[in-house]
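# A structural walkthrough
The chain contents come next:
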Amino acid sequence: MTEIQEDALEIAGVRYRSRLLVGTGKYKDMEETRQAIEASGAEIVTVAIRRTNIGQNPGEPNLLDVIPPDRYTILPNTAGCFTAEDAVRTCRLARELLDGRNLVKLEVLADQKTLFPNVVETIKAAEVLVREGFDVMVYTSDDPIIARQLAEIGCVAVMPLAGLIGSGLGICNPYNLRIILEEATVPILVDAGVGTASDAAIAMELGCAGVLMNTAIAAAQKPVLMAEAMKHAVLAGRGAYLAGRMPRRLYAAASSPWEGTFVGNE
Ligand SMILES: CC(=O)[C@@H](O)[C@H](O)COP(=O)(O)O
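Figured I'd write up the structure that's included with this text.

What counts and how
- Every chain is numbered on its own, with residues counted from 1 as its sequence reads.
- Only residues with pLDDT of at least 70 get local features here, since the model is predicted, and only at 80 or more are side-chain atom pairs given and counted; chain-wide, interface and lining totals rely on the full set of residues.
- For side-chain calculations, the full set of non-hydrogen atoms in the structure is used, while hydrogens and water are omitted.
- To qualify as a helix, a DSSP run of H or I must reach at least 4 residues; to qualify as a strand, a run of E must reach at least 2; elements of each kind are numbered from the N terminus.
- With C-alpha atoms as the basis for the radius of gyration, the globule rule is written as 2.2 Å multiplied by the number of residues raised to the power 0.38.
- By the convention used here, residues are in contact when the closest approach between their heavy atoms is within 4.5 Å.
- The Shrake-Rupley method, run with a 1.4 Å probe sphere, supplies the accessible areas, and residue values consider only the shown protein chains as cover.
- This count recognises Lys and Arg as positive and Asp and Glu as negative, with His and chain-terminal groups excluded.
- A charged residue contributes its charge at one atom only: NZ of Lys, CZ of Arg, CG of Asp or CD of Glu.
- Each residue is placed in one exposure class: buried if its accessible area under a 1.4 Å probe, protein chains only, is under 20% of its type's maximum, exposed if it is over 50%, and partly exposed if it falls in between.
- For the purposes of these results, a polar contact is taken to be a pair of N or O atoms within 3.5 Å, where, inside protein, one atom must be able to donate a hydrogen and its partner to accept one; residues adjacent in sequence count only when each atom of the pair is a side-chain atom.
- Definition used for salt bridges: Asp or Glu carboxyl oxygen within 4 Å of a side-chain nitrogen of Lys or Arg.
- Here a residue counts as near a molecule or strand whenever at least one of its heavy atoms sits within 4 Å of it.
- Pairs of strands are assigned from DSSP output, requiring at least two bridges between the strands.
- Here is how to tell: hold the view so the strands point away, follow the path from the first strand over the helix to the second, and if it runs clockwise the crossover is right-handed.
- The length a helix should cover is 1.5 Å for every residue beyond the first.

## Observations regarding the overall build of the protein
Counting its secondary structure elements, the protein contains nine helices and 10 strands. For 266 residues, the compact-globule estimate of 2.2 N^0.38 gives 18 Å, and the C-alpha radius of gyration of the protein, at 20 Å, lies within 12% of that figure. Within the protein, counting contacts between residues at least 6 apart in sequence, those at least 24 apart form 65% of the total. As presented, the protein carries roughly 13800 Å² of accessible surface, and 52% of it is formed by carbon and sulfur atoms. The centroid of the 25 positive side-chain charges in the protein is displaced by 2 Å from the centroid of its 33 negative side-chain charges.

Structure, rendered in structure tokens:
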């Protein structure tokens with residue numbers, strides 16, 4: 001096995017081969033969702049509990065029929081929650097629906113226009129959820145101080161945004177991400193704002209443990225092809241991070257030595 005094949009992402013004591021986590025919103029239909037997720041190679045798939053039927057509405061199409069929980073780790077998320085109280089309630093419902101599984105993605109949003117995280121409410125919710133035994137992966141801003149606090153509270157992964165949800169703007173502040181990564185005590189995954197494969201590769205090259213995305217795949221002209229591209233981008237970025245990039249230089253350095261050439265200078 002190569003170093004990159006052996007390299008695993010560990011979240012809450014579970015090891016995953018894929019460092020790409022994907023969402024399930026915005027697809028044309030369930031079949032496209034299934035195909036894209038399969039092509040992405042993702043093992044962790046996030047589901048908005050307030051918007052997606054995973055058993056709350058018996059009789060309606062159930063996402064788990066195409067994303068079976070015995071094959072994927074279902075990561076329920078609190079998208080659409082604007083208060084800590086709502087987010088906590090949503091996580092408790094998710095735990096009931098998913099047979100007592102504790103892994104959740106906490107996101108508490110501040111407003112509809114930016115979908116920026118409300119970090120005050122996020123911290124409040126994280127404290128309650130960790131106390132109640134949840135394994136909390138938390139969506140947050142790229143503020144290193146908030147990221148540190150969330151890790152100290154006991155979140156199992158901290159997920160700063162690359163850009164606003166659904167914006168596709170890519171990594172808007174790599175410098176803040178670098179500070180977050182420098183002092184990370186838990187896995188740091190970029191969540192939201194990725195637009196194309198190079199954004200995912202850059203996140204991984206910076207040293208992120210993984211990338212979570214939805215819109216970049218679902219809103220691509222060919223979602224299944226983009227899902228596959230993202231799989232390769234995350235792997236390539238991780239490989240480059242593990243390999244260690246060459247130092248940047250201002251001036252040229254010849255690829256072959258000047259001395260001892262076979263031709264010329266007679
Ligand atoms: C799917 C999810 O959980 C969200 O956090 C969000 O939708 C991800 O953002 P993008 O859609 O910008 O990838």
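## Describing the side chain of Glu43
Within the secondary structure, Glu43 sits in the loop between α2 (30–40) and β4 (44–48). Take Glu43: its relative accessible area is 17%, and that puts it in the buried class. A polar side-chain atom of Glu43 sits 2.7 Å from the main-chain amide nitrogen of Arg17.

## Quick notes on the pattern of salt bridges
Here the structure, examined in full by the defined rule, presents 16 salt bridges. In this structure, Glu38 engages Arg34 in a salt bridge whose closest nitrogen and oxygen atoms are separated by 3.1 Å. Linking Glu38 with Arg34, this pair stays in helix α2, spanning four residues, or about one helical turn. The exposure class assigned to Arg34 is partly exposed, which follows from its relative accessible area of 28%. When the shortest N-O distance is used, the salt bridge between Arg71 and Glu38 registers 4.0 Å. Of this pair, Arg71 sits in the loop between β4 and β5 (73–77) while Glu38 sits in helix α2, placing them 33 residues apart in sequence.

## Thoughts on the side chain of Glu107
With respect to the secondary-structure elements, Glu107 resides in the loop between β6 (103–106) and α4 (119–131). Within the structure, Glu107 has its side chain in polar contact with the side chain of Lys105 (distance 2.6 Å). Beyond its immediate stretch of four places on either side in the chain, Glu107 contacts Asn77, Thr78, Ala79, Cys81, Tyr139 and Ile165.

## Concerning the site of the ligand
Taken together, 13 residues lie around the ligand, and Lys105, Gly166, Gly193, Asn214 and Thr215 are the ones closest in. Residue Gly193 places a main-chain N or O atom 2.9 Å away from an oxygen atom belonging to the ligand. At a separation of 2.5 Å, an oxygen atom of the ligand approaches a polar side-chain atom of Thr215.

## A look at the pairing of strand β7 (residues 135–140)
Extensive coverage of β7 is indicated by the burial of five of its six residues. Here β6 runs beside β7; their pairing, made up of four bridges, is parallel. In the sheet register, Lys105 faces β7, and the bridge partner there is Met137. Strand direction decides the pairing type here: β7 and strand β8 (residues 157–160), joined by four bridges, are parallel. Looking at β8, one finds that Thr140 is bridged to Pro160. Handedness of the crossover is the feature at issue here: the chain leaves β7, passes through helix α5 (residues 144–153), returns alongside β8, and the resulting connection is right-handed.

## Re α4
In an α-helix there are 3.6 residues to a turn, and that puts residues three or four apart on one side. Taking 1.5 Å of rise per residue, the 13 residues of α4 would be expected to cover 18 Å, and the 18 Å separating its terminal C-alpha atoms lies within 8% of that figure. Listed in full, the buried residues belonging to α4 are Glu121, Thr122, Ile123, Ala125, Ala126 and Leu129. On its buried side, α4 packs onto α3 (84–97), β6, β7 and α5. For α4, the N-terminal cap is Asn118; the gap from its side-chain oxygen to the backbone nitrogen of Val120 is 3.1 Å. One or two steps after α4, the chain reaches Gly133, where phi turns positive at roughly 90°.

All quantities given are derived from atomic positions and should not be read as evidence of function.
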